[in-house]
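# A closer look at the structure
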Amino acid sequence: MGKIVLRVKELYFRHRNNGSDILKGISFFVSSESITTILGPNGSGKTTIFKCLAGIWKYSKGCIEVHDRPIERLDPRERSRLFSLVPQEHEPAFPYTVFEVVLMGRAPFIGLFSSPKKRDIETANEALRFLSIEHLRDALYTNISGGERQLTLIARAIAQEAPIMLLDEPTSHLDLKNQIAVLKKIRKIAKERKITVLMTLHDPNLSNLFSDKVVVIDSGRKIAEGRPFDILNEELIKKVYDLDVRMLSLNGKRFLAPILDS
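Okay, so let's go over this structure. (Residues numbered from 1 in each chain as written. Predicted model: local features only at pLDDT ≥ 70, side-chain atom pairs only at ≥ 80, totals over all residues. Heavy atoms only, no water.)

## With respect to the overall build of the protein chain
Counting its regular elements, the protein chain contains nine helices and twelve strands. Expected size for 262 residues packed as a compact globule is a radius of gyration near 18 Å; at 19 Å, the protein chain falls within 12% of this value. Seen along its three principal axes, the alpha-carbon backbone of the protein chain occupies a region of about 60 × 40 × 35 Å. Going through the 262 residues of the protein chain one by one, you find that 49% of them count as buried. Total accessible area on the protein chain is roughly 13500 Å²; 51% of this is exposed by carbon and sulfur atoms. Here the protein chain contributes 40 positively and 32 negatively charged side chains, and the mean placements of these two sets differ by 4 Å. (Helix = DSSP H or I, 4+ residues; strand = E, 2+ residues; numbered from the N terminus. Rg over C-alpha atoms; globule rule 2.2 N^0.38 Å. Buried < 20%, exposed > 50% of the residue type's maximum accessible area, 1.4 Å probe, protein only. Areas by Shrake-Rupley, 256 points an atom, 1.4 Å probe, with all protein chains shown as cover. Lys, Arg positive; Asp, Glu negative; His and termini not counted. Charge placed at Lys NZ, Arg CZ, Asp CG, Glu CD.)

## Some points on the sheet that holds strand β5 (residues 69-70)
Pairing within the open sheet is antiparallel, and its four strands lie in the order β2-β1-β4-β5. Each of the sheet's edge strands pairs with one partner strand only, and the pair in question is β2 (23-31) and β5. Note: strand β1 (residues 4-13) against strand β4 (residues 61-66), five bridges, orientation antiparallel. Paired with Y12 across the bridge in β4 is K61. (Pairing = 2+ DSSP bridges.)

## Focus: the packing of helix α5 (residues 146-160) against helix α6 (residues 176-192)
The N-to-C vectors of α5 and α6 enclose an angle of 10°; their axes lie 10 Å apart at closest approach. As the angle between them shows, α5 and α6 are arranged roughly parallel. Crossing handedness for the pair α5 and α6: right-handed. Judged by residue contacts, G147, Q150, L151, I154 and I158 of α5 engage N178, V182, K185, I186 and I189 from α6. Grouping the amino acids of the contact of α5 with α6 by side-chain chemistry returns six nonpolar, three polar and one charged. (Axes fitted to C-alpha atoms, helices over the stretch in contact; angles between N-to-C directions. Parallel < 35°, antiparallel > 145°, perpendicular 65-115°, else oblique. Left-handed = near helix turned anticlockwise from the far one by under 90°. Contact = heavy atoms within 4.5 Å. Nonpolar A, V, L, I, M, F, W, Y, C, P; charged D, E, K, R; others polar.)

## Some points on the packing of helix α4 (residues 118-130) against α5
One can describe the packing of α4 onto α5 by two numbers: an axis separation of 8 Å at closest approach and a directional angle of 135°. What the angle tells us is that α4 and α5 run oblique. The handedness of the crossing between α4 and α5 comes out as right-handed. Each of T123, A124, A127 and F130 in α4 lies in contact with α5, whose residues at this interface are A155, I158 and A159. Here the residues of the contact of α4 with α5 are counted per class, giving six nonpolar, one polar and no charged.

## Some words on unusual backbone geometry
One non-glycine residue, E169, lies in positive phi territory at about 45°. In this structure E169 comes out as buried when scored by relative accessible area, which is 5%. Phi angles above zero are rare outside glycine, and K194 is one such case at about 55°.

## Quick word on α4
Between the first and last C-alpha of α4 there are 18 Å, a value that for 13 residues agrees with the 18 Å anticipated at 1.5 Å per step. Taken residue by residue, α4 has D120, T123, A124, N125, A127, L128 and F130 as its buried positions. Looking at the buried residues of α4, the elements they touch are α3 (98-103), α5 and α6. Positive backbone phi, approximately 60°, marks S132, located one or two places after α4. (Expected span 1.5 Å × (residues − 1).)

## Some words on the pattern of salt bridges
Taken as a whole and judged by the stated rule, the model has 15 salt bridges. For the salt bridge of E225 with K213, the shortest nitrogen-to-oxygen distance reads 2.5 Å. With E225 in strand β10 (residues 221-226) and K213 in strand β9 (residues 213-218), the pair connects residues that are twelve residues apart, well separated along the chain. Given a relative accessible area of 25%, E225 falls into the partly exposed group. Residues joined in a network through salt bridges with shared partners are R106, R119, D120 and E161. (Salt bridge = Lys/Arg side-chain N within 4 Å of Asp/Glu carboxyl O.)

Pasting the structure below:
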């Protein structure tokens, strides 16, 4: 693990019209050039953490620091140059082409009344090539498949050239083949482009296969934090998912298989 670049300390969150805490003292850290996954069942608070990190929602207590600086002290331009964001779902207001969506990642570097420069266009094209989706360049974003849309959003994040990439459930609504394809691309980004990745997932096996570190949460609380091999076990899955599983090994990899009632 590299240097700590992001630190979450005793994070609490509640909606203004709801008196109960959704996040309850969450703490963890993220190391540079690694993949950290926030893992938990639906409704556990994963997306809430993500929205607090992205600045979409303001947490009620605690602190989030990037490079030892509280994120609330960062202006929007500074934040956009540190974090790129890949949301769970995205519906554009207009039928942009794939290239136009990716080019939007260059917004932090383009003035309000300026046009994209040669470098911006080259960077967007390079992001398409890196993810092997340059053949979609002129396709309408609204007409491509779910997996292709997700890769387009990841290409937009690459074009942004931010050192930290936040991805909220990047495999949601994708079939198994596309889940694996997207996660392999994310791993390639972290390794080859030396980008720090923080993502949310709800599948323990995918988290085990594609994460350097996992933060397990349930009902707004942190349950465990560490390397997948060290913490993802039968007891933890039973506690968090209320599911009996058995740990299996294949080619040096471990998998959690549900135990089905006869």
